[in-house]
Amino acid sequence: GDMRYRVTAEPLEGGQGVLVAAEDVSHLSEVVQQRRDFVANVSHELRTPLTALLGFIETLRGPARDDPAARERFLATMAREAERMNRLVSDLLSLSRVEAEERIRPTAPVDLTAVLRAVRASLAPAAEEAGVALEFVLPDARVVVPGDADQLTQVFMNLAENAVKYGGRTVRVVMHPPAPETALRGEAVRVDVVDDGEGIAPEHIPRITERFYRVDSHRSREKGGTGLGLAIVKHIVSRHRGRLRIASQPGKGSEFSVYIPAS
Ligand code: ADP
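So, here is what we can say about the structure in this document. (Residues numbered from 1 in each chain as written. Predicted model: local features only at pLDDT ≥ 70, side-chain atom pairs only at ≥ 80, totals over all residues. Heavy atoms only, no water.)

Attention now moves to unusual backbone geometry. Phi angles above zero are rare outside glycine, and Phe212 is one such case at about 65°. Along the chain, Phe212 turns up in the loop between strand 7 (188–195) and helix 6 (217–222). Even without being a glycine, Arg241 presents a positive backbone phi close to 60°. Assignment of secondary structure puts Arg241 in the loop between helix 7 (229–239) and strand 8 (243–249). (Helix = DSSP H or I, 4+ residues; strand = E, 2+ residues; numbered from the N terminus.)

In structure tokens, the structure reads:
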């Protein structure tokens, strides 16, 4: 028959190795199994920073108590870990909200030009700090689509943030409004988020929009990633009856294209 296993790996206490367990889950439905995996993933993702925090608290109470320099360093690390947990919880809430509403198509008129200008403004400081040139190619005119402004902002924030995180020197966000005559027929607006960074190997592309899927989890965590950004993007785009296309060349860069129907 169709056998399915869930394989988990847990580091053993004291760093003495890894416990690998394989559980026969053939009897569970796909949905039940996915939910279980999700809960296991969330617990693991929350526990990692929590374990770090608990360790630092112990150190602050003991060895580092009378060392102000070490104390400052530990507190800075603790703040980073706490911020990570905070981001994870916000992303989980966004994801569950978007999933709950997925069948309800949002219909408020949203000016995508304004959305992208806002994304540019909030990302500019981080890009500058990272030494990344941020180029936006936007029309002067309003480009209105039916949608949810906050969610569409989140789509382009997540994509542009990833482009800065995993990108090279330049990130370009280019809007292609539909030609006026096709707009009447509801043609989609296309927005490309393009970077010249490390790229994504072809075997990973179909999976990177899955929750918690990362090409390199250590690197993603180091950069403050939650592993949920693209899952949120996928659900928001689908709620808008749009499409997400990912093209990438390892070593050259990536292009994420979002299509949002104009009516
Ligand atoms: P994360 O919080 O890890 O960034 P995402 O869901 O946003 O989570 O992205 C999932 C994974 O997809 C990332 O960990 C990374 O491996 C890959 N990825 C996303 N965007 C890019 C990009 N622009 N260039 C290269 N890899 C990317």
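The environment of the ligand is formed by 20 residues, the closest being Tyr166, Ser220, Thr226, Gly227 and Leu230. Side-chain polar atom of Lys165 to an oxygen atom of the ligand: 3.0 Å apart, as the coordinates give it. At 3.1 Å from an oxygen atom of the ligand is found a main-chain nitrogen or oxygen belonging to Val215. Coverage of the ligand by the protein chains reaches 97% of its 530 Å² of free accessible surface. Secondary-structure elements contributing two or more residues to the shell around the ligand are helix 4 (149–166), helix 7 and strand 9 (253–261). Here the shell around the ligand gets 4 residues from one element, more than from any other, and that element is helix 4. Of the residues in the shell around the ligand, the class split is 9 nonpolar, 8 polar and 3 charged. (Near = heavy atom within 4 Å. Polar contact = N/O pair within 3.5 Å; in protein donor to acceptor, adjacent residues only side chain to side chain. Areas by Shrake-Rupley, 256 points an atom, 1.4 Å probe, with all protein chains shown as cover. Nonpolar A, V, L, I, M, F, W, Y, C, P; charged D, E, K, R; others polar.)

With that settled, consider the packing of helix 4 against helix 7. Contact geometry of helix 4 with helix 7 gives a least axis separation of 9 Å together with a crossing angle of 145°. In the crossing of helix 4 with helix 7, the sense of the turn from one axis to the other is left-handed. Between helix 4, through Gln151, Leu152, Gln154, Val155, Asn158, Leu159 and Asn162, and helix 7, the contact on the second element is made entirely by Gly229, Leu230, Ile232, Val233, Ile236, Val237 and Arg239. Residues of the contact of helix 4 with helix 7, tallied by class, amount to 8 nonpolar, 5 polar and 1 charged. (Axes fitted to C-alpha atoms, helices over the stretch in contact; angles between N-to-C directions. Left-handed = near helix turned anticlockwise from the far one by under 90°. Contact = heavy atoms within 4.5 Å.)

Let us now look at the packing of helix 2 (residues 68–100) against helix 7. As a packed pair, helix 2 and helix 7 sit with axes 9 Å apart at the nearest point and diverge in direction by 25°. In terms of orientation, helix 2 and helix 7 fall into the roughly parallel class. You can see that helix 2 and helix 7 cross each other, and the crossing is left-handed. The segment helix 2 lies against helix 7, with Asp91, Ser94, Leu95, Val98 and Glu99 engaging Ala231, Ile232, His235, Ile236 and Arg239. Of the residues in the contact of helix 2 with helix 7, the class split is 5 nonpolar, 2 polar and 3 charged. (Parallel < 35°, antiparallel > 145°, perpendicular 65-115°, else oblique.)

Residues Leu112, Leu116, Val155, Phe156, Leu159 and Met175 are the most contacted members of the largest nonpolar core, which totals 48 residues. Of all the secondary structure elements, the ones that give two or more residues to this core are helix 2, helix 3 (112–130), helix 4, strand 6 (170–176), strand 7, helix 7 and strand 9. When sequence neighbours within four positions are dropped, the list of residues in contact with Val155 reads Val233, Ile236, Val237 and Val258. Core analysis: the second largest hydrophobic core is formed by 8 residues, Phe56, Leu60, Ala64 and Met78 among them. (Core = buried A, V, L, I, M, F, W, Y, C linked by side-chain atoms within 4.5 Å. Buried < 20%, exposed > 50% of the residue type's maximum accessible area, 1.4 Å probe, protein only.)

These figures come from the coordinates and say nothing about function on their own.
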